[in-house]
Structure formats: C-alpha cells, structure tokens
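Examining the three-dimensional arrangement
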Amino acid sequence: AALVLAATAAAMIGLARQLPAQNVLLASFLIAAIGGAAHAINAHTRVPFGPCVYTRAAGPRLFGVLPWPVPLIWIVAILSSRGVSRLMLRPWRRTHRYGFRVIGFTVLLSLAFDLGLEIFGLKIERLWIREPTRFGFDWYGIPLTNFLAWVVIALLILAFATPSMIRKSPAKSPPDYQPLRVWLALNVLFAGAAAAHQLWAAAAVIAVMAVVTTVFALRGARW
C-alpha cells in the first residue's frame, strides 16, 4: 500500500511541476476512472484482459469488485511513461508530429511497465491468479491478449486525458527527470524480484528494457 501511494504521489507531483493542480487532478481522475472501469468490467466478463481473479493480497475492493490499488497503478504507469516519453523525444519537441509520437511512446513504455507488473503481481506477490485461455499463447501464464488490451486501454486513456496534460502556454523548460526516476525505480523492483525468484528470462527482459529506455531518455534530455 505504501509503495503504491508513494509512487502515485511522486508521479502526480512530477506532473504538477509543469501544469496547474486542477489539470493534474483531472488527468489523474480520467486515467484512474478509465483504467479502473476496464478492470472492473474484466472482473465480470473476462474481457478485455482475460481470465483474472484477484486475491485478498491485492487489498480491499472498491464497490466489492476492484482492488483499490488498480486505478492508482494506472496513474503511475501512464504519467511516468508519458514523462519518460517526453524526455526521449525532447530533440523533436518542435516538430508537427511530436504530440502523436509522445502518445505512441507512452503506450509502448506503459506496456513495458505492464510486463514487469504482471510478473510481480502474478508470480511474486500473488496479487491475482490467471486462468488458462483458449488461445494457448502466454508469457509466464499471462495471456498475450492481456498486453493487447493494455495497449488499447492506454490509447483510450490518452485520448481523453491528453488535452488536460497539454501546457496552454508552452515555454522552454529544463528536462524533468522525476517521471524517469519513478518508472525506472519500479522496473528495477520488478526485475530484482523476478531475479530473486529465479525468473531469469523475465528479469533479463525487464532489465534490458529499463536500461535501453534510460539511455535514450538521458540522451534526449541533453538536447
């Protein structure tokens, strides 16, 4: 609980350095509402993320359906991924397609975040249980449809939340490393936990993604 709350606060405070508080609260509400609603629907229908049953370890449930950390995790994933994307794309911030590139990279980085999150929640902390699907393709028991659904929901979230995260009077500002710190710290946690449980392939994938992302984010921030 402390980790989720601290990560959420750090992600929101990082965005508040650039935007008014009401914009940060509106964006966070939209992210939490859409992401939480998607998981609540999935709890009843097994769509779009596939069969998933939350355990007691996931915490008390909102409206008796959704564990309370789930909407906050979406806030952390989207805000930190977007901040890292802006660092990576800083050299192209004056181009016409910059906004679309930020959205695309945010989706990819949030998907990378979900790769580690799923391993951490399913195999290590036992926050949820995955049931087999008809497709037969999975990654450590996680159906590939889950990751496809994550991409779709992330795009939907950004479609609604992005307008509230755009600065109305853009001005040159120094790079903000706060989102990178949050995103990287959590991925280091995921990779370390996977290695500690001898999930070597998962630990390697998460670690490589974290290193590559950090290198490109630092490189872009220097422009």
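For every chain, the first residue of the written sequence is number 1, and numbering continues from 1 onward in sequence order. pLDDT decides what is reported in this predicted model: residues at 70 or higher carry local features, side-chain atom pairs at 80 or more are listed and counted, and totals for whole chains, interfaces and linings draw on all residues regardless. Hydrogens and waters are ignored; side-chain quantities use all the structure's heavy atoms.

**Digging into the overall build of the chain**
Numbering of helices and strands runs from the N terminus; a helix is a DSSP stretch of H or I covering at least four residues, while a strand is a stretch of E covering at least two. Across its full length, the chain holds seven helices and six strands. Written out in order from the N terminus, the α and β elements of the chain read α-α-β-β-β-α-α-β-β-β-α-α-α. Between the two quantities, the radius of gyration covers C-alpha atoms and the globule rule is 2.2 Å times the number of residues to the power 0.38. For the chain, whose C-alpha radius of gyration is 17 Å, the value lies close to the compact-globule estimate of 17 Å for 223 residues. When the backbone C-alpha atoms are referred to their principal axes, the chain occupies close to 50 × 35 × 35 Å. Working definition: with a 1.4 Å probe on protein chains only, accessible area under 20% of the residue-type maximum means buried, over 50% means exposed, and in between means partly exposed. When the 223 residues of the chain are sorted by exposure, 49% land in the buried category. Between two residues, a contact is recorded if the distance between any of their heavy atoms is within 4.5 Å. Across the chain, contacts joining residues at least 24 apart in sequence account for 72% of those joining residues at least 6 apart. The accessible surface values rely on the Shrake-Rupley method and a 1.4 Å probe; as for residues, cover is taken only from the protein chains in view. Carbon and sulfur atoms make up 70% of the accessible area of the chain, which totals about 11500 Å². By the counting scheme adopted, Arg and Lys are positive, Glu and Asp are negative, and His together with the chain ends is not counted. Charged groups are reduced to one reference atom each: NZ for lysine, CZ for arginine, CG for aspartic acid, CD for glutamic acid. Computed over 21 positive and 6 negative side-chain charges, the inter-centroid distance for the chain is 15 Å.

**Remarks on the environment of Ala-159**
Relative to the elements of secondary structure, Ala-159 occurs in helix α5 (residues 144-161). The exposure class assigned to Ala-159 is exposed, which follows from its relative accessible area of 54%. Measuring from C-alpha to C-alpha, the distance between Ala-159 and Ile-103 comes to 8.8 Å, with 56 residues separating the pair along the chain.

**Remarks on helix α2 (residues 21-45)**
One less than the number of residues in a helix, times 1.5 Å, gives the span that helix is expected to have. Taking 1.5 Å as the rise per residue, α2 with 25 residues should run 36 Å; its terminal C-alpha atoms sit 36 Å apart, in good agreement. Immediately beyond the C-terminal end of α2, within one or two residues, lies Arg-46, with a positive phi of roughly 65°.

**Some details on unusual backbone geometry**
Cis rather than trans, the peptide bond between Val-47 and Pro-48 has omega equal to 15°. Among the structural elements, Pro-48 can be located in the loop between α2 and β1 (52-54). At Arg-46, a residue that is not glycine, the phi angle is positive and equals roughly 65°. One can find Arg-46 in the loop between α2 and β1. The exposure class of Arg-46 is partly exposed, given its relative accessible area of 47%.

**With respect to the packing of aromatic side chains**
Centres within 6.5 Å make a pair out of two Phe, Tyr or Trp rings, where for Trp the six-membered ring is used; the pair is then stacked when the planes are under 30 degrees apart, edge-to-face when over 60, and tilted otherwise. For the coordinates displayed, the defined rule picks out five aromatic pairs. Ring centres of Trp-74 and Trp-150 lie 3.9 Å apart, and the angle between their planes is 15°; this geometry places the pair in the stacked category. With Trp-74 in helix α3 (residues 69-88) and Trp-150 in helix α5, the pair connects residues that are 76 residues apart, well separated along the chain. Given the relative accessible area of 1%, Trp-74 is considered buried. What makes Trp-150 buried here is its relative accessible area of 2%. Ring geometry for Phe-113 and Phe-190: centres 5.6 Å apart, planes at 70°, overall edge-to-face. Taken together, the residues span a long stretch of sequence, with Phe-113 in helix α4 (residues 98-124) and Phe-190 in helix α6 (residues 178-196) at a distance of 77 residues. Using a relative accessible area of 4% as the deciding quantity, one classes Phe-190 as buried. These aromatic residues form a ring-pair network of at least three members: Phe-113, Phe-120 and Phe-190.

**Section: the side chain of Ser-81**
Structurally, Ser-81 is set in helix α3. Residue classification places Ser-81 among the buried residues on the basis of a relative accessible area of 0%.

**Some details on a nonpolar patch on the surface**
Only residues whose relative accessible area exceeds 30% and that take part in no salt bridge are eligible for patches, with like-charged residues grouped when within 9 Å of each other and nonpolar side chains (Val, Leu, Ile, Met, Phe, Trp, Tyr) grouped when within 5 Å. Take a side-chain nitrogen of Lys or Arg and a carboxyl oxygen of Asp or Glu: if they are within 4 Å of each other, that pair is a salt bridge. Among the surface-exposed residues, Val-208, Val-211, Val-212, Val-215 and Phe-216 lie close enough to one another that they form a single nonpolar patch of about 440 Å² accessible area. With respect to the helices and strands, the residue Phe-216 is situated in helix α7 (residues 200-221).

**Observations regarding the environment of Arg-167**
With respect to the helices and strands, the residue Arg-167 is situated in the loop between α5 and α6. For Arg-167, a relative accessible area of 26% puts it in the partly exposed group. Linking Arg-167 and Pro-20, residues 147 residues apart in sequence, is a C-alpha distance of 9.1 Å. Residues contacting Arg-167, with those up to four places away along its chain left out, are Gln-18, Leu-19 and Ser-173.

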